[in-house]
Amino acid sequence: MFDKWPTKLNIELSTACNAACPQCSRYLDDDPELGIVENPNLPQNTLTLDVLKTLIDHEWLKQAKHVKFEGTHGEPTMAKDCTDILRWFREVNPTITFALHTNGSTRNKEWWRELAQFFQYNPEHRNAVTFSLDGMEDTNHIYRRRTVWKKIMENAQAFIDAGGVAVWDMIVFAHNEHQVLKARKLAKSMGFYSFGVKVSQRTLIRPIEWLKQPKTWKENQGTGTVKINCIGKQFDELFLSANGLYMPCCFINENAYGPAMPSTQKEIEEVLGDFSQYHSSHGLDHALELFHRVSDRWETNPMEICKNMCGNGHWPDRMQQKQVSEVWAEPFQARWKQSVE
């Protein structure tokens, strides 16, 4: 899968989350009596700085180019050592760049101002925090349940005013598609560096009656033989889970514990085997060798998750954004000087 050690790392800092987005693998389908129920198969953990120092090879870190804090089940800012971890990475490797994805509804304005120091504009290597905001004040909470709009706006503005590079990333549904241009305008006025839109595939995988795809978008149907163009390999990005596992990619980690696609979960377990084999304490070389269990199947019998996420004709986020942008106009790319003046 990887011919050599990747130069980028995607870390899931925590499986904890302040939000409760419908269809997230952190939760089971809503129970009519119990409400939102957490996935009992998902191991709960949050990485600390001390633990990360034992999991990540320091020599590799010195040569790394980029670290993304995104994860698959949790909100990275829930990790109490979040800023300390960023600071340590920069101490080991002063040129490393960061990306972080958030719902923006945690912590306080002072904390977000502090976070901004790690995401200052760099003309050669872009640092950025992506705020996942799916609509406006009257719609964002429909999908980003349990988040508070006023708090998000205060945190985002504090981050931007402190010089942090912010990106607005909007998932478009039927209930918010009329607000895309309004959200784009707000993003620009606040000083966001850019604005992007996409459509979630979860509405097909785990359909919910009240959560519909936008009317102005159609799925890109693929035909012919499936050819795998692995996103992890293409981006040269390794994934480290909150449980200390080096996994082949974020998509496999997200589906490894259910509940969205039981058949896919079973196949992942069968192909990967005992997940404890992938613990970072065994070393990166050991994990990369195990990853061939996935990549060796690409030509003849690719895993279902590989076909769904990285097969030709299917629609990972990078394709969704292009299609939706053609409908609602290209996302703006503001000049940084204009954004901070």
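Above this text is the structure in question.
Residues numbered from 1 in each chain as written. Predicted model: local features only at pLDDT ≥ 70, side-chain atom pairs only at ≥ 80, totals over all residues. Heavy atoms only, no water.

Describing unusual backbone geometry
Here is the rule: For helices the rule is a DSSP run of H or I covering at least 4 residues; for strands it is a run of E covering at least 2, with both sets numbered from the N terminus onward.
Following Gly-258, the chain continues into Pro-259 via a peptide bond in cis, with omega recorded as 0 degrees. With respect to the helices, strands and loops of the structure, Pro-259 is situated in the loop between helix H10 (250-255) and helix H11 (262-272). Phi is positive for Arg-107, which is not a glycine, with a value near 60 degrees. By the secondary structure assignment, Arg-107 is in the loop between strand E3 (97-102) and helix H4 (109-116).

With respect to the side chain of Ser-25
Filter applied, for reference: A simple rule labels every residue: compare its accessible area, found with a 1.4 Å probe on the protein chains alone, to the largest value its type can have, and call it buried under 20%, exposed over 50%, or partly exposed in between. We define a polar contact as two N or O atoms separated by no more than 3.5 Å, with the added condition that, inside protein, one atom must be a possible hydrogen donor and the other a possible acceptor, whereas residues neighbouring each other in sequence contribute only through side-chain atom pairs. Here, residues are in contact when the closest pair of their heavy atoms is within 4.5 Å.
Tracing the backbone shows Ser-25 in the loop between strand E1 (8-11) and helix H1 (49-55). The exposure class of Ser-25 is buried, given its relative accessible area of 2%. Within polar-contact distance, the side chain of Ser-25 engages the backbone oxygen of Glu-254 at 3.4 Å. Setting aside its immediate chain neighbours within four residues, Ser-25 contacts Asn-39, His-73, Arg-206, Glu-254, Gly-258 and Pro-259.

Side note on the sheet that holds strand E2 (residues 66-69)
Short version of the rule: Note on pairing: DSSP must find at least two bridges between two strands before they are called paired.
Across the sheet, 8 strands lie side by side as E6-E5-E4-E3-E2-E1-E7-E8; this open sheet has mixed pairing. What marks the edges here is a single partner per strand, and that holds for strand E6 (194-198) and strand E8 (246-247). Two elements, strand E7 (residues 237-240) and E8, share 2 bridges in a ladder whose sense is antiparallel. Counted as the bridge partner of Leu-240 is Tyr-246 from E8.

Structural notes on the packing of H4 against helix H6 (residues 149-161)
Put simply, the rule is: Only the stretch in contact is used when fitting a helix axis, every axis being a line fitted to C-alpha atoms; angles between N-to-C directions are given from 0 to 180 degrees. Left-handed describes a crossing whose near helix is turned anticlockwise from the far helix by less than a right angle; the clockwise case is right-handed. Charged residues are taken to be Asp, Glu, Lys and Arg, nonpolar residues to be Ala, Val, Leu, Ile, Met, Phe, Trp, Tyr, Cys and Pro, and polar residues to be all remaining types, Gly included.
Running from amino to carboxyl end, H4 crosses H6 at an angle of 35 degrees, the nearest separation of the two axes being 8 Å. Between H4 and H6 lies a crossing of right-handed hand. Contacts from Lys-109, Trp-112, Arg-113, Leu-115 and Ala-116 in H4 reach Glu-154, Asn-155, Ala-158 and Phe-159 in H6. Residues of the contact of H4 with H6, tallied by class, amount to 5 nonpolar, 1 polar and 3 charged.

Focus on empty space enclosed by the protein
This is how it is decided: Every definition here rests on a 1 Å grid over the protein atoms only: cavities are sets of points where a 1.4 Å probe fits but cannot get out, pockets are open sets enclosed by protein on both sides within 12 Å along at least five of seven lines, and lining residues have some atom within 4 Å of a point. Grid points are joined across faces, edges and corners, and a volume is the space filled by probe spheres set on the points.
Inspection of the entire model under this criterion finds 3 cavities of 30 Å³ or more. Of the volumes computed, that of the largest cavity is approximately 80 Å³. Cys-230, Cys-249, Ile-252, Cys-306 and Cys-310 are the residues nearest the centre of the largest cavity, which is lined by 13 residues in total. Sorting the residues of the lining of the largest cavity by element identifies H10 and helix H14 (304-310) as the ones contributing at least two each. Residue contributions to the lining of the largest cavity peak at 4 residues, all from H14.

Describing the pairing of E1
Sheet topology places E1 next to E2; 4 bridges connect them, and they run parallel. Following the sheet pairing, Leu-9 is matched in E2 by Val-67. Pairing of E1 with E7 involves 4 bridges; the strand directions are parallel. Within E7, the residue paired with Asn-10 across the bridge is Phe-239.

Comments concerning the pattern of salt bridges
Put simply, the rule is: By definition here, a salt bridge exists when the distance from a side-chain nitrogen of Lys or Arg to a carboxyl oxygen of Asp or Glu is within 4 Å.
Under the definition given, this model contains 12 salt bridges. The shortest N-O distance in the salt bridge between Glu-70 and Lys-68 comes to 3.3 Å. Lys-68 sits in the buried class, given a relative accessible area of 16%. Lys-198 is the partner of Asp-169 in a salt bridge, and the nearest nitrogen-oxygen pair spans 3.1 Å. Of the two residues, Asp-169 sits in strand E5 (residues 166-171) while Lys-198 sits in strand E6, which places them 29 residues apart along the sequence. Here Asp-169 falls in the buried class, since its relative accessible area comes to 10%. Three or more residues joined by partner-sharing salt bridges are found here, namely Lys-68, Glu-70 and Glu-237.

Some points on H11
Our working definition: By definition, the arc is the one covered by directions from the helix axis to the C-beta atoms.
Taken residue by residue, H11 has Thr-264, Gln-265, Glu-267, Ile-268, Val-271 and Leu-272 as its buried positions. Down the axis of H11, the sector holding all buried residues measures 165 degrees, keeping them to one side. Residues of H11 that are exposed and point more than 90 degrees away from the buried face comprise Pro-262, Ser-263, Lys-266 and Glu-270. Here the buried face of H11 lies against E8, H10, helix H13 (292-295) and H14. Just beyond H11, the residue with positive phi is Gly-273, at close to 80 degrees.

Digging into the environment of Asn-18
Note that Asn-18 resides in the loop between E1 and H1. According to the relative accessible area criterion, Asn-18 is buried, its value standing at 18%. The contact partners of Asn-18, leaving out residues within four places of it in the chain, are Glu-75, Met-78, Asn-103, Ser-105, Thr-106, Arg-146 and Thr-147. In this structure the side chain of Asn-18 is engaged in a polar contact, spanning 3.0 Å, whose partner is the side chain of Asn-103.

Function cannot be inferred from these measures alone, as they are strictly geometric.
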